[in-house]
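The residues making up each chain are set out below.
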Amino acid sequence: GEGVCNYVCLRASMMGDFTQNLKLGFSVSEFRHHNYGDMELFLRKYSSEYTSITHLYSVGHSVEGRELYVMVISDNPNIHEHGEPEFKYIANMHGNEVVGRELLLNLIEYLCRNYGTDPEVTQLVNNTRIHIMPSMNPDGYEVAKEGDANGFKGRNNFNNIDLNRNFPDQFFPNTVVRQPETLAVMSWLSSIPFVLSANLHGGSLVVNYPFDDDKDGNTHYSPSPDDAVFQMVARAYSQENSLMHKGHPCEDRYPGEYFEDGITNGAKWYTVRGGMQDWNYVNTNCFEVTIELGCYKFPKAQDLPQYWEQNRRALLQFIHQVHVGVKGTVSDARDGSGIPNATISVEGIHHNVTTALTGDYWRLLVPGTYSITATAHGFKPVTIYATVQKGHAEQVNFRLSRLSSDNNDPSTSVPHVTQSPSDIALESLIKELSLGQGLEQLVRSTATESSFRYRRSKELSAFLRGLTLNFPKITYLHRYTSLFSFTTPLWSSEEFLSIR
């Protein structure tokens, strides 16, 4: 059947899984598929148990009103720390492609449980703000079916729209109505200075990088200006996944398909208009790739431990890639304050990034020597030569001088205007919200503190089962069935939860 080679190869390589899972704090029984209610409880559980390194928030809602949850894991999770890069994983964009959803829940658990004892995990959490969205399409997931190898049920959102064809495209107009999930993610990406990201899919086994299409719409290699960087970060993932790195996924379905080193340019494989990874790169500072995690879209729960072990190292190694290239601060030479929205350009690479609110920036680059220029409105540009080493982010700071620094020049002086108390208070509030992404904190803190809402019968049942799975020591789910015989015999099954 489909994915047999994938399955057999994984089985053969996993003889020591049980011992390894125990070492990592996972038992086989903990690997299961999480429906929405179960996933919500899982996220709230870890958010409440590891408050010092986690922050749970929602970026918006699906068509049917489900939260688009994101878990932040960092040593200071509630705010953007100056100089610390922002990283994200997104999964389950196609509702029936579920491996990424479960891997990200495993990753949350792994990072939380091993923080403070595992040096690698501790280093990543202390120096990176990691955002994890397990499901971008929770509505689609709820109708998808376990065991689906290559189907389409649940792939699209509730409105039957493919979310990975719903973003604005750089080459062609996209007339499909923008969906709530798409708009929520676009707004999210515009509010946080993400540096690197991966979008987890299923149906093949390869890392796909931009561009996904080009101006002629044909299937051939379509390199981005940062093609070398994308190949570097893509290989960083595939090299840690031995089956992926071999380059022969799904041999029973596509016997002639081969991806060298387990990576491919998107448009060389097949074209996608309106994809999320290209929108990230073209419209934000974020470099995103799409990772296909296996030939089975919705595998049986018993196979999930194999996927975790096959991808655990790769998931961590990819996060490390956010710490390569150059980083630093663009500041005002007069007072040392950071300059927001300054432009960082690299000679020979026609793609710029901009500084965050406090003037910090990150620019992914492959090893080499570069001429890097910082420019900002009202300041003189500064160019610095920097050499980038493998696996390291070179610190490159810029101090920009104002175009006119003569404060005594009458032509540049501004008359003093006395402010009213209300104006002063408003200015103070704006300044407070602008520092350290205070506005983001304000929005996030009020977004999901209360999740009180009506639940439909099916969703309530799933929620109760999720409680027993997440809190087995103190909960037990009872079920009883009654027979009513008023005019027509009717069986009624009901559940109630007891808490010990």
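Before reading further, recall that the structure is shown in the block above.
Residues numbered from 1 in each chain as written. Predicted model: local features only at pLDDT ≥ 70, side-chain atom pairs only at ≥ 80, totals over all residues. Heavy atoms only, no water.

Tallying each qualifying case throughout the model produces one disulfide. Put simply, Cys250 and Cys295 are joined by a disulfide, and their sulfur atoms are 2.0 Å apart. Since a negative S-S torsion denotes a left-handed disulfide, the Cys250-Cys295 link at about -105 degrees is left-handed. Placement of the pair is Cys250 in the loop between helix 9 (242-246) and strand 7 (263-265) and Cys295 in the loop between strand 8 (287-294) and helix 12 (304-320), with a sequence separation of 45 residues. The same class applies to Cys250 as to Cys295, namely buried. (Disulfide = S-S within 2.5 Å. Helix = DSSP H or I, 4+ residues; strand = E, 2+ residues; numbered from the N terminus. Buried < 20%, exposed > 50% of the residue type's maximum accessible area, 1.4 Å probe, protein only.)

We now examine helix 11 (residues 276-283). Among the eight residues that make up helix 11, six are buried, leaving the element largely enclosed by the rest of the structure. Of all the positions in helix 11, only Met276, Gln277, Asp278, Trp279, Asn280 and Tyr281 are classed as buried.

Where helix 3 (residues 36-49) meets helix 4 (residues 99-114), the closest approach of the two axes is 11 Å, and the angle between their N-to-C directions is 15 degrees. Classed by the angle they form, the pair helix 3 and helix 4 counts as roughly parallel. With respect to the hand of their crossing, helix 3 and helix 4 are arranged in left-handed fashion. Between helix 3 and helix 4, the contacting residues are Tyr36, Met39, Phe42, Leu43 and Tyr46 on the first element and Arg101, Leu105, Ile108, Glu109, Cys112 and Arg113 on the second. When grouped by side-chain class, the residues that make up the contact of helix 3 with helix 4 number eight nonpolar, no polar and three charged. (Axes fitted to C-alpha atoms, helices over the stretch in contact; angles between N-to-C directions. Parallel < 35°, antiparallel > 145°, perpendicular 65-115°, else oblique. Left-handed = near helix turned anticlockwise from the far one by under 90°. Contact = heavy atoms within 4.5 Å. Nonpolar A, V, L, I, M, F, W, Y, C, P; charged D, E, K, R; others polar.)

Counted by the stated rule, this structure contains 20 aromatic pairs. Look at Trp188 and Phe194: their rings are 5.2 Å apart centre to centre, the planes differ by 75 degrees, and that puts the pair in the edge-to-face class. Overall, Trp188 belongs to the buried group, its relative accessible area being 1%. Classification of Phe194 as buried rests on a relative accessible area of 3%. Each member of the aromatic cluster is reached from another via a ring pair, and the members are Phe171, Phe211, Phe230, Tyr281 and Phe287. Between Arg66 and the ring centre of Tyr36, over which it is positioned, the NZ or CZ distance is 5.8 Å. Lying over the aromatic face of Phe194, Lys88 brings its terminal NZ or CZ to 5.6 Å of the ring centre. (Phe/Tyr/Trp six-rings, centres within 6.5 Å; stacked < 30°, edge-to-face > 60°. Lys NZ or Arg CZ within 6 Å of the ring centre and 35° of its normal.)

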